[in-house]
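Chain and residue survey
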Amino acid sequence: MDLKQVALITGASTGFGRLIAETLARHGHTVFATMRDPVVCNAANSAELRTLAGKESLSLHVLEMDVTEEASVERAVRACVEQAGRIDVAINNAGYALVGLEEAVTVNQARQLMDTNFYGSVRVDRAVLPQMRKQGSGLLLHITSGAGRVVIPGAGFYCASKFALEALAESYHYELAGQGIESSIVQPGAYQTSVFGNMVKAADYNRTDTYGAAAQIPDKVNAALTATTGNAQDVADAVLSIVETTPGKRQLRYRVSPTDLGLEAINTVCSQVQARLLEGFGLTSETTFVQRSAAGGA
Ligand SMILES: NC(=O)c1ccc[n+]([C@@H]2O[C@H](COP(=O)([O-])OP(=O)(O)OC[C@H]3O[C@@H](n4cnc5c(N)ncnc54)[C@H](OP(=O)(O)O)[C@@H]3O)[C@@H](O)[C@H]2O)c1
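Okay, so let's go over this structure. Everything quoted here is computed from the prediction, not taken from an experiment. (Residues numbered from 1 in each chain as written. Predicted model: local features only at pLDDT ≥ 70, side-chain atom pairs only at ≥ 80, totals over all residues. Heavy atoms only, no water.)

Brief notes about the nonpolar core
Inside soluble globular proteins, nonpolar side chains tend to come together where they are buried. Counting 34 residues, the largest nonpolar core has Ile-9, Ile-20, Leu-24, Leu-60, Ile-91, Val-186 and Val-239 as the members making the most contacts within it. Take this core: its biggest share by element is 7 residues, from helix α8 (residues 233-243). Those residues within four positions of Leu-60 in sequence are excluded, and the remaining contacts are Ala-21, Ala-25, Val-31, Ala-33, Leu-49, Leu-52 and Ala-53. Grouped together as the second largest cluster of nonpolar side chains are 26 residues, Val-73, Ala-76, Ala-79 and Ile-181 included. (Core = buried A, V, L, I, M, F, W, Y, C linked by side-chain atoms within 4.5 Å. Buried < 20%, exposed > 50% of the residue type's maximum accessible area, 1.4 Å probe, protein only. Helix = DSSP H or I, 4+ residues; strand = E, 2+ residues; numbered from the N terminus. Contact = heavy atoms within 4.5 Å.)

Shown next as structure tokens:
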């Protein structure tokens, strides 16, 4: 597809979000790279993106967005629509990892994690959908994880947040298809980004006193994940390819990983079972993609 898209990305200060922003912009798309506090905490990251935009004449714009604050999300979406006139792609990327034995994770830590990794996307999807509906086109893209399909002990709450996001994204995939709007998922494996350095550790250490050898699980998991990381640009390239795929031809799930755990097999079985469920419930036609807008681009 040669039409250029208008994309809004969350968590674009570092890692996948940053690479996705730069990659899409370098391929001629209009990009709104959103991040928390671009003026102070992310001053260097936002300045680097603006410098790049100037140097390479890219349509790459920085906006403030904290996905845990509804007003901030709505403000950024409004600014994007005011400047570009549309939103073709919303990329839900912002997130962080929480590690530790589940019993040592406080309720507050669990709630904060869900507020970013799950409710963040709830807010963004809800904010962009009225505009996409007006257009009769759009793509909601959700960066989940392999940990949204298999359970990693010592990271159970992170997995729960990504399983929740998988369910939301898949339900949107079915519900929005008739309006010409797609919802897709990218499931990255382990990649070298700031995610490992930014990991939050379970706070209630005393709870782990009786666990014996099992208390080492989080450290062993962390060591295994960081030992097998790939080049994060692979994820940005996969997102570019999805963005440039003709509307209606995009898959629900894309697995991108430097290692092969066999996750595609789970995706395949799930899609077969889902198809049977939709057919059994008489929902096949209601959940089939219908092209509403011939344009679908800026
Ligand atoms: N790297 C991997 O191995 C891997 C594998 C599977 C899935 N993922 C997922 O990929 C996504 C991106 O992670 P990454 O690996 O690129 O790590 P990263 O470099 O740490 O990026 C995470 C981004 O999320 C942002 N963020 C966190 N809380 C936010 C909030 N409340 N509002 C807005 N932005 C927020 C961070 O912004 P600040 O700069 O403000 O902190 C940062 O830009 C995450 O959802 C992660 O779970 C990563």
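Let's talk about the sheet that holds strand β6 (residues 138-143)
As summarised here, the arrangement of the 7 strands in space is β3-β2-β1-β4-β6-β7-β9, forming an open sheet in which the pairing is parallel. Edge positions in the sheet fall to β3 (60-64) and β9 (253-256), since each of these pairs with one other strand and no more. Adjacent strand axes in the sheet meet at a mean angle of 20°, parallel and antiparallel pairs treated alike. Inspection of the sheet shows strand β2 (residues 30-35) paired to β3 by 5 bridges, in the parallel sense. In the strand pairing of β3, Thr-34 is matched with Leu-63. (Pairing = 2+ DSSP bridges. Axes fitted to C-alpha atoms, helices over the stretch in contact; angles between N-to-C directions.)

Quick notes on the site of the ligand
Neighbouring residues of the ligand: 29 residues in total, closest Ser-13, Asn-93, Tyr-158, Tyr-191 and Thr-193. Taking Val-67, its main chain carries an N or O atom lying 3.0 Å from a nitrogen atom of the ligand. Contacts to the ligand include Gly-189, whose backbone N or O atom sits 3.4 Å from an oxygen atom. Its free accessible area being 890 Å², the ligand has 93% of it covered by the protein chains. Class assignment for the residues of the shell around the ligand results in 11 nonpolar, 15 polar and 3 charged. (Near = heavy atom within 4 Å. Polar contact = N/O pair within 3.5 Å; in protein donor to acceptor, adjacent residues only side chain to side chain. Areas by Shrake-Rupley, 256 points an atom, 1.4 Å probe, with all protein chains shown as cover. Nonpolar A, V, L, I, M, F, W, Y, C, P; charged D, E, K, R; others polar.)

Things to note about a nonpolar patch on the surface
A surface patch of nonpolar side chains, about 280 Å² in accessible area, is lined by Leu-277, Phe-281 and Leu-283. Looking at the secondary structure, you find Phe-281 in the segment after α9 (263-280). (Patch = residues over 30% accessible without salt bridge, like charges linked within 9 Å, V, L, I, M, F, W, Y side chains within 5 Å. Salt bridge = Lys/Arg side-chain N within 4 Å of Asp/Glu carboxyl O.)

Here's the deal with the environment of Ser-271
Turning to its location among the elements, Ser-271 is positioned in helix α9. In the structure, Ser-271 is positioned 234 residues away from Asp-37 in sequence and 39 Å away in space, judged by C-alpha atoms.

Some remarks on the packing of aromatic side chains
Applying the stated criterion across every chain, the model contains 2 aromatic pairs. Geometrically, the ring pair formed by Phe-16 and Tyr-191 is edge-to-face, given 5.9 Å between the ring centres and 75° between the ring planes. Linking Phe-16 in helix α1 (residues 15-26) with Tyr-191 in the loop between β7 (181-188) and β8 (200-201), this pair joins segments that are 175 residues apart in sequence. With respect to class, Phe-16 is no different from Tyr-191; both count as buried. Between the aromatic rings of Phe-118 and Tyr-119, the centroid separation amounts to 5.0 Å while the plane-to-plane angle is 65°, which identifies the pairing as edge-to-face. In this structure Tyr-119 comes out as partly exposed when scored by relative accessible area, which is 42%. (Phe/Tyr/Trp six-rings, centres within 6.5 Å; stacked < 30°, edge-to-face > 60°.)

Looking at the pattern of salt bridges
One pass over the structure, following the stated rule, counts 11 salt bridges. Here Arg-26 ties to Glu-56 by a salt bridge, and the two come within 2.7 Å at their closest N and O atoms. In this pair, Arg-26 sits in helix α1 while Glu-56 sits in the loop between α2 (43-55) and β3, placing the two residues 30 residues apart along the sequence. For Glu-56, a relative accessible area of 32% corresponds to the partly exposed category.

Comments concerning the environment of Gln-251
Inspection of the secondary structure assignment puts Gln-251 in the loop between α8 and β9. With relative accessibility at 44%, the residue Gln-251 sits in the partly exposed group.

Re the packing of helix α4 (residues 107-117) against helix α5 (residues 119-135)
Remark: α4 packs on α5, axes separated minimally by 3 Å, with the N-to-C direction vectors making an angle of 30°. Here α4 lies roughly parallel to α5, going by the angle between them. The segment α4 lies against α5, with Met-114, Asp-115, Thr-116 and Asn-117 engaging Tyr-119, Gly-120, Ser-121 and Arg-123. (Parallel < 35°, antiparallel > 145°, perpendicular 65-115°, else oblique.)

Structural notes on the pairing of strand β1 (residues 6-9)
Because side chains alternate across β1, one face comprises the buried residues Val-6 and Leu-8, and the other comprises Ala-7 and Ile-9, equally buried. What joins β1 to β2 is α1, and the crossover it makes is right-handed. Sheet topology note: the β1/strand β4 (residues 89-92) ladder contains 3 bridges and is parallel. Directly across from Leu-8, in β4, lies its bridge partner Ala-90. (Right-handed = clockwise from strand over helix to strand, strands pointing away.)

Concerning the packing of helix α3 (residues 70-84) against α5
Between α3 and α5, whose axes approach to 9 Å, the crossing angle comes to 30°. Seen along the crossing, α3 lies across α5 with a hand that is right-handed. Of the residues in α5, those in contact with Glu-70, Val-73, Glu-74, Val-77 and Val-81 of α3 are Arg-123, Val-124, Ala-127, Val-128 and Gln-131. A per-class count over the contact of α3 with α5 returns 6 nonpolar, 1 polar and 3 charged. (Left-handed = near helix turned anticlockwise from the far one by under 90°.)

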